[in-house]
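# Chain and residue survey
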Amino acid sequence: MWRSVARRSSQVRRLLSTSAPPAGPLATVPAPCIVQKRGNDILNDPWYNKDTAFPLTERDRLGLRGLLPPRVMSFEQQYERFINSYRSLEKNTRGEPDSIVALAKWRILNRLHDRNETLYFRVLIDNIKDLAPVIYTPTVGLVCENYSGLFRRPRGMYFTAKDKGEMMSMIYNWPQEKVDMIVVTDGSRILGLGDLGVQGIGIPIGKLDLYVAAAGINPQKVLPVIIDVGTNNEKLLEDNLYLGLRQPRLEGEEYMAVVDEFMEAVHARWPQAVVQFEDFQMKWAFETLERYRNRFCMFNDDVQGTAGVALAGLLGAVRAQGRPLHDFTSQKIVVAGAGSAGIGVLSMAKQEMSRMLAKTGEEGHNQFWVLDKNGLITKDRKDLDPAVANFARGHGPNEIPDLHEGASLVEVVRKVKPHVLLGLSGVGGIFNEEVLKAMKESDSPRPAIFAMSNPTTKAECTPEDVFKHVGENAIFASGSPFSNVSLGNGKTGYANQANNMYLFPGIGLGALLSGARHISDDMLQAGAECLASYITDDEIQKGILFPEVSSIRHITARVGAAVVRAAVAEDLAEGCRTVGPKELGSMSEVLYYAEINFTFV
Ligand SMILES: NC(=O)C1=CN([C@@H]2O[C@H](COP(=O)(O)OP(=O)(O)OC[C@H]3O[C@@H](n4cnc5c(N)ncnc54)[C@H](O)[C@@H]3O)[C@@H](O)[C@H]2O)C=CC1
Ligand SMILES: CC(=O)C(=O)O
Ligand SMILES: [Mg+2]
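Residues numbered from 1 in each chain as written. Chains lettered and ligands numbered in written order. Predicted model: local features only at pLDDT ≥ 70, side-chain atom pairs only at ≥ 80, totals over all residues.

### Re the overall build of the protein
Along the protein, the regular secondary structure elements total 26 helices and 16 strands. Relative to the globule expectation of 25 Å for 601 residues, the C-alpha radius of gyration of the protein, 25 Å, shows essentially globular dimensions. Seen through its C-alpha atoms, the protein measures out along the principal axes to roughly 85 × 60 × 55 Å. Per-residue burial for the protein yields a buried fraction of 50% across its 601 residues. Residue pairs at least 24 apart in sequence account for 71% of intrachain contacts in the protein once pairs closer than 6 positions are excluded. (Helix = DSSP H or I, 4+ residues; strand = E, 2+ residues; numbered from the N terminus. Rg over C-alpha atoms; globule rule 2.2 N^0.38 Å. Buried ≥ 20, exposed ≤ 12 C-beta atoms within 10 Å, placed from the backbone. Contact = placed C-beta atoms within 7 Å.)

### Topic: unusual backbone geometry
Proline 138 follows threonine 137 through a cis peptide bond whose omega is 15°. Secondary-structure assignment places proline 138 in the loop between helix 7 (128-135) and helix 8 (139-145). Of note, the amide linkage connecting asparagine 454 to proline 455 takes the cis form, showing an omega dihedral of -10°. Counting through the fold element by element, proline 455 comes out in the loop between strand 12 (448-451) and helix 20 (463-469). Positive phi outside glycine occurs at aspartate 279, with the angle close to 55°. Looking at the secondary structure, you find aspartate 279 in the loop between strand 6 (274-277) and helix 14 (282-292). Classification of aspartate 279 as buried rests on a count of 25 C-beta atoms within 10 Å. Phi at aspartate 383 takes a positive value of approximately 55°, unusual for a residue other than glycine. Mapping aspartate 383 onto the fold places it in the loop between strand 10 (375-376) and helix 17 (386-389).

### Some thoughts on the sheet that holds strand 5 (residues 222-228)
Either a parallel or an antiparallel arrangement is found when strands of a sheet pair, and the pairing is made through backbone hydrogen bonds. With respect to topology, five strands assemble into an open sheet ordered 3-5-4-6-7, the strand pairing being parallel. Either end of the sheet is taken by a strand with one partner, and the two such strands are strand 3 (157-160) and strand 7 (298-300). Geometrically, the sheet is characterised by an average inter-axis angle of 20° between neighbouring strands, direction not taken into account. Across three bridges, the pairing between strand 6 and strand 7 is parallel. Looking at the pairing, phenylalanine 277 lines up with asparagine 300 of strand 7. In the packing of helix 13 (residues 252-269) onto the sheet, the strands contacted are strand 3, strand 4 (181-185), strand 5 and strand 6, and the crossing angle to strand 5 comes to about 160°. The strands touched by helix 21 (residues 504-514) are strand 4, strand 6 and strand 7; relative to strand 6, the strand with the most contacts, the crossing angle is about 155°. (Pairing = 2+ DSSP bridges. Axes fitted to C-alpha atoms, helices over the stretch in contact; angles between N-to-C directions.)

### Concerning the site of ligand 2
Around ligand 2, the structure places Thr137, Leu191, Asp279, Asp301, Asp302, Asn454, Gly479, Asn499 and Asn500. In the shell around ligand 2, the residues fall into one nonpolar, five polar and three charged. Here the shell around ligand 2 gathers at least three residues from each of two domains, domain 2 (136-296) and domain 3 (305-499). (Near = placed C-beta within 6 Å. Nonpolar A, V, L, I, M, F, W, Y, C, P; charged D, E, K, R; others polar. Domains from an automatic or database assignment.)

### Notes on the UniProt feature "domain: Malic enzyme NAD-binding" (unreviewed entry) in the protein
In this numbering, the UniProt entry assigns the feature "domain: Malic enzyme NAD-binding" (unreviewed entry) to residues 303-568. Here residues 303-568 is 42% helix and 12% strand, with 24 Å between the C-alpha atoms at its ends. (UniProt positions renumbered as here; feature names shortened; annotations may be inferred.)

### What about the pairing of strand 13 (residues 475-478)?
The side-chain alternation of strand 13 yields two buried faces, one formed by Ile475 and Ala477 and the other by Phe476 and Ser478. Taken together, the four bridges between strand 12 and strand 13 define a ladder with parallel strand orientation. Its bridge partner being in strand 13, alanine 451 is matched across the sheet by serine 478. Bridge count between strand 13 and strand 16 (residues 495-497): three bridges; the pairing is parallel. In the strand pairing of strand 16, phenylalanine 476 is matched with alanine 495.

### So, the site of ligand 1
Neighbouring residues of ligand 1: 30 residues in total, closest Gly192, Gly339, Asp372, Ser453 and Gly479. Secondary-structure elements contributing two or more residues to the shell around ligand 1 are helix 15 (301-320), helix 16 (340-360) and strand 9 (368-372). When its residues are assigned to classes, the shell around ligand 1 shows twelve nonpolar, 13 polar and five charged. Both domain 2 (136-296) and domain 3 (305-499) contribute no fewer than three residues apiece to the shell around ligand 1.

### Let's talk about the packing of helix 15 against helix 16
Contact geometry of helix 15 with helix 16 gives a least axis separation of 8 Å together with a crossing angle of 55°. If you check the angle between helix 15 and helix 16, you find them oblique. Here the hand of the crossing between helix 15 and helix 16 comes out right-handed. From helix 15, Asp302, Val303, Gln304, Thr306, Ala307, Gly308, Ala310, Leu311 and Leu314 reach across to helix 16, where they touch Ser340, Ala341, Gly344, Val345, Ser347, Met348, Ala349 and Glu352. By residue class, the composition of the contact of helix 15 with helix 16 is nine nonpolar, six polar and two charged. (Parallel < 35°, antiparallel > 145°, perpendicular 65-115°, else oblique. Left-handed = near helix turned anticlockwise from the far one by under 90°.)

### What about the packing of helix 11 (residues 202-215) against helix 21?
Running from N to C, helix 11 and helix 21 point in directions that differ by 70°, and their axes come no closer than 9 Å. Relative to helix 21, helix 11 is oriented roughly perpendicular. Of the residues in helix 21, those touching helix 11 at Lys207, Leu210, Tyr211, Ala214 and Ala215 are Phe504, Pro505, Gly506, Gly508 and Leu509. A per-class count over the contact of helix 11 with helix 21 returns seven nonpolar, two polar and one charged.

### A word on the pairing of strand 12
Residues Ala448 and Phe450 line one face of strand 12 and the alternating positions Ile449 and Ala451 line the opposite face, and both faces are buried. Relative to strand 12, strand 11 (residues 420-423) runs parallel, the two sharing four bridges. Paired with valine 420 across the bridge in strand 12 is alanine 448. Handedness of the strand 11-helix 19 (residues 433-439)-strand 12 crossover: right-handed. Handedness of the β-α-β unit built from strand 12, helix 20 and strand 13 comes out right-handed. (Right-handed = clockwise from strand over helix to strand, strands pointing away.)

### Thoughts on helix 5 (residues 98-115)
Since there are 3.6 residues in each turn of an α-helix, residues three or four apart along the chain are aligned in direction. Look at helix 5: 26 Å from first C-alpha to last across 18 residues, which is about the 26 Å you get at 1.5 Å a residue. Looking only at helix 5, the buried set comprises Ala102, Lys105, Trp106, Leu109, Asn110, Leu112 and His113. Taken end-on, helix 5 shows its buried residues confined to a sector of 160°, consistent with a single buried face. Every exposed residue of helix 5 that faces more than 90 degrees away from the buried side is listed here: Ile100 and Arg111. On its buried face, helix 5 is in contact with helix 4 (75-92), helix 6 (117-126), helix 7 and helix 8. (Expected span 1.5 Å × (residues − 1). Arc of directions from axis to C-beta.)

### Topic: the sheet that holds strand 13
Spatial ordering of the open sheet is given by 10-9-8-11-12-13-16, a layout of seven strands whose pairing is mixed. Only two strands of the sheet have a single partner each, and these edge strands are strand 10 and strand 16. Judged from the two bridges that link them, strand 9 and strand 10 form a sheet pairing that is antiparallel. Note on strand 10: the bridge partner recorded for aspartate 372 is glycine 375.

This is the structure in structure tokens:
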């Protein structure tokens, strides 16, 4: 079909295949595309630029003759050259402080991203285990903290409080006709690093890199967005180099009006696009989710993606004890952190327990103890957010053990003896020796400790501490990557990574492929259950709860397929491009894979 389009269009239109070469098990069919650019405009466009890999015929057709060194390199040679530079950098920076090495690695990758996206994504896909910590957590946190100083060229779109009334026209400034995936933040809670204002844009960029690498979304069809409504970070407000609005954050209706206008503008131009909300402070995370989830195809990754990943881990912890899944309903779970992520996890876990209990007609109990910065949350707490109030503990004879308002973490762990201790507090090290030693007395033969806060410095504990203080039978997972721990005698203590990156690319992909009108709880649950069932019993016995990051493309395709099936089952799927809802319903998983490859990459 592209041939007829090309024939009909003017002579300046040229055809140029810019697709990445096949990518392992999810090999791609190169999709030719039409570019109107010529000469330097192509070399300066990372979407189309192939640098020295342009063959002579393309150099002639695209007006590139004389603009490049004469030697034509193959894509493989370019790849090798880059990997060699990257390995040299690793060698040359050995012994330097971690942050210097991390930023140096990020810089070299970022320069490639800005120059040649085809090569960048090939490198990222092939080396995802090594590079995810550079483009994503933990390094992305460091990048956001230093964004104004590191800034060289823009990426994505910047909507601000000053753009009120202009967004509907601004959205048309984005040069691509079609956008499939948007990740948006307001920079108010970047990982566990707090309010970083406009500098938070690093998060949507990193998340969308994973969408391309894991879900095969076309890099030309992703859009990172920051909504800059100011910042309450004094240090940034006083920084002359700070690149965002130097004003306190908008609040209340003024804030909502900006986000509303952004969502309307996106929907007007790209009604099918999926919008992922990321790293909004709790009050806005919940408010925007409630406000938009039935109007737009959107989800909040911190609330919903994290919940699904944690649920998969919690179910894995039940299997590790050699118990049937139904025993999840009697697991005691202590959560440190009553924010958007913690409450998201608790809500999904509670929903799952209710579903299980409904099948057997049993009655459930409150299996959760949740703490915030003021300790255990009980019904005595004043001015509780309604979402949190659902999990407040009561007093009296039915409360075993009876704990007081504001009880400390160690007190709670000692008395409750939980099966699982889960951290989403954003405070590094709070699962200290005392707390971990108390977890040794857990009622579970395999006590599970999930230190899910990011980046690494904010992890509630390290795997070394867990295996030392809780014991070798403990199970550990963290939000940012840690290395496995050698336990001696050839035994390994597994450092699982419990990060929403195992789910969000599949949720977005499934929503996109199904053409779902919105993203329902059943679609999210299907994704979580798919992730939970990915791990074999043998792996679970070893303490492996989550797959290797290197298999993220495969996991994402499976999760995406599960999400599509759930959307079809709920009659939410409207189909995608040439595939109608009926066909989606009868497609096998294998065909879903083919669709992913052909349509998007
Ligand atoms: N691993 C993953 O996939 C994900 C990890 N996270 C991480 O979770 C953390 C929290 O994120 P949000 O819930 O969105 O933040 P938030 O700011 O909404 O909530 C933080 C909560 O922790 C509580 N807290 C603070 N100090 C505490 C202490 N000493 N003990 C117990 N609780 C304490 C606060 O009172 C608040 O309730 C961040 O570090 C973030 O990076 C968030 C989403 C996904
Ligand atoms: C992983 C993630 O989304 C977070 O830490 O906020
Ligand atoms: Mg997040």
